[in-house]
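If you want the building blocks of each chain, they are given just below.
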Amino acid sequence: MSLHDDTVRVLETYDGQEELRRIYLDHLAARPDGMWKSCDAGHVTASALVIDPAEGRVLLTLHKKLGLWLQMGGHCEPGDVSLAAAALREATEESGIGGLTLLPGGPVQLDRHAIPAPCHWHLDVQYAALAPVGAVEEISEESLDLRWFAYAEVATVADGSVVRLLERTRDALSEQVHG
């Protein structure tokens, strides 16, 4: 199965954000290259919020180009076997933490945001990645800084999309614990 096909499958089974989900699916139906950075009309990206539930904190990166505190993530690559694998790869590369695992159940949120030319849109599919106990981060060349924030601090440093991602992640964690 191609990465494009896997992404369509993931989006077809994603429960929620119906209007945005339809925009993503329509984009992929119209654009066979819709997964790749080279697609100027916009492209799917994969990201993951690295979370440490035991400590009640999340790891954010100070994005080099945007100067914003964000979750880990970025462009899909030809070697990615699935959208989930792309999100996990990005989270591992940017956090420097080995042993991350994606929260079961698929993506936590979709977020479509404008980006500078020549491309126009990132159609981000956002997962949550659980950090192993005692995880130690290591800054990558893609970040200006990398820092753990308590859940309550996130709204003071990050934009609304990251705050919503944290809220949805915490809800998904709670559902797993309480069934």
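Here is a short report on the structure shown in this document. (Residues numbered from 1 in each chain as written. Predicted model: local features only at pLDDT ≥ 70, side-chain atom pairs only at ≥ 80, totals over all residues. Heavy atoms only, no water.)

Points about the pattern of salt bridges
When charged atoms on two side chains of opposite charge get close, those side chains can pair.
Argument step 1. This model, assessed by the stated rule, comprises 10 salt bridges.
Argument step 2. Linking Arg 22 and Asp 26 is a salt bridge whose minimum nitrogen-to-oxygen distance equals 3.3 Å. Of the two residues, Arg 22 and Asp 26 both sit in helix 2 (residues 18-30), four residues apart, roughly one turn of that helix.
Argument step 3. With a shortest N-O distance of 3.0 Å, Arg 89 and Glu 90 are connected by a salt bridge.
Argument step 4. Taken together, the salt bridges that share partners define one network made up of Glu 77, Asp 80, Arg 89, Glu 90 and Glu 93. (Salt bridge = Lys/Arg side-chain N within 4 Å of Asp/Glu carboxyl O. Helix = DSSP H or I, 4+ residues; strand = E, 2+ residues; numbered from the N terminus.)

Observations regarding the nonpolar core
Argument step 1. Counting residues in hydrophobic clusters, the biggest one holds 31 residues, and the most contacted among them are Val 50, Leu 83 and Val 125.
Argument step 2. Of all the elements in the fold, those that place two or more residues in this core are helix 1 (3-13), helix 2, strand 1 (43-52), helix 3 (83-95), strand 7 (121-130) and strand 8 (143-150).
Argument step 3. Look past the residues within four positions of Val 125 in its chain and what remains in contact with it is Leu 11, Tyr 24, Val 44, Thr 45, Ala 46, Ser 47, Leu 83, Pro 107, Gln 109 and Leu 110.
Argument step 4. Counting 18 residues, the second-largest nonpolar core is a separate cluster that includes Leu 49, Val 58, Ala 158 and Leu 166. (Core = buried A, V, L, I, M, F, W, Y, C linked by side-chain atoms within 4.5 Å. Buried < 20%, exposed > 50% of the residue type's maximum accessible area, 1.4 Å probe, protein only. Contact = heavy atoms within 4.5 Å.)

Points about helix 5 (residues 160-178)
Argument step 1. The first and last C-alpha atoms of helix 5 sit 27 Å apart over 19 residues, in line with the 27 Å expected at 1.5 Å per residue.
Argument step 2. Of the positions making up helix 5, those classed as buried are Ser 161, Val 162, Leu 165, Leu 166, Thr 169 and Leu 173. One side of helix 5 carries all its buried residues, which in axial view fall inside an arc of 135°. Those residues of helix 5 that are exposed and aimed more than 90 degrees away from the buried face are Glu 175 and His 178.
Argument step 3. Contacts from the buried residues of helix 5 go to strand 1, strand 2 (57-63), strand 3 (69-70), strand 6 (109-114), strand 7 and helix 4 (154-157). (Expected span 1.5 Å × (residues − 1). Arc of directions from axis to C-beta.)

Observations regarding the packing of aromatic side chains
Argument step 1. Throughout the structure, instances matching the rule amount to one aromatic pair.
Argument step 2. Plain terms: the ring middles of Trp 69 and Phe 149 are 5.0 Å apart, the flat faces sit at 75° to each other, and that makes the pair edge-to-face. With Trp 69 in strand 3 and Phe 149 in strand 8, the pair connects residues that are 80 residues apart, well separated along the chain.
Argument step 3. Across from the ring centre of Trp 148, 3.9 Å away, lies the NZ or CZ of Arg 57, which sits over that ring.
Argument step 4. The positively charged end of Arg 112 is found above the aromatic ring belonging to Trp 121, 3.6 Å away from the centroid. (Phe/Tyr/Trp six-rings, centres within 6.5 Å; stacked < 30°, edge-to-face > 60°. Lys NZ or Arg CZ within 6 Å of the ring centre and 35° of its normal.)

Remarks on the side chain of Thr 45
Argument step 1. Relative to the assigned elements, Thr 45 resides in strand 1.
Argument step 2. Within the local environment of Thr 45, its side chain forms a polar contact with the side chain of Asp 124, the two groups lying 2.8 Å apart.
Argument step 3. Excluding anything up to four places from it in sequence, Thr 45 contacts Gly 74, His 75, His 122, Leu 123, Asp 124 and Val 125. (Polar contact = N/O pair within 3.5 Å; in protein donor to acceptor, adjacent residues only side chain to side chain.)

A closer look at unusual backbone geometry
Argument step 1. Although it is not a glycine, Gln 17 sits at a positive phi angle of roughly 45°.
Argument step 2. Mapped onto the fold, Gln 17 is located in the loop between helix 1 and helix 2.
Argument step 3. Note on Gln 17: relative accessible area 22%, which makes it partly exposed.

Any functional reading would require information that these geometric values do not contain.
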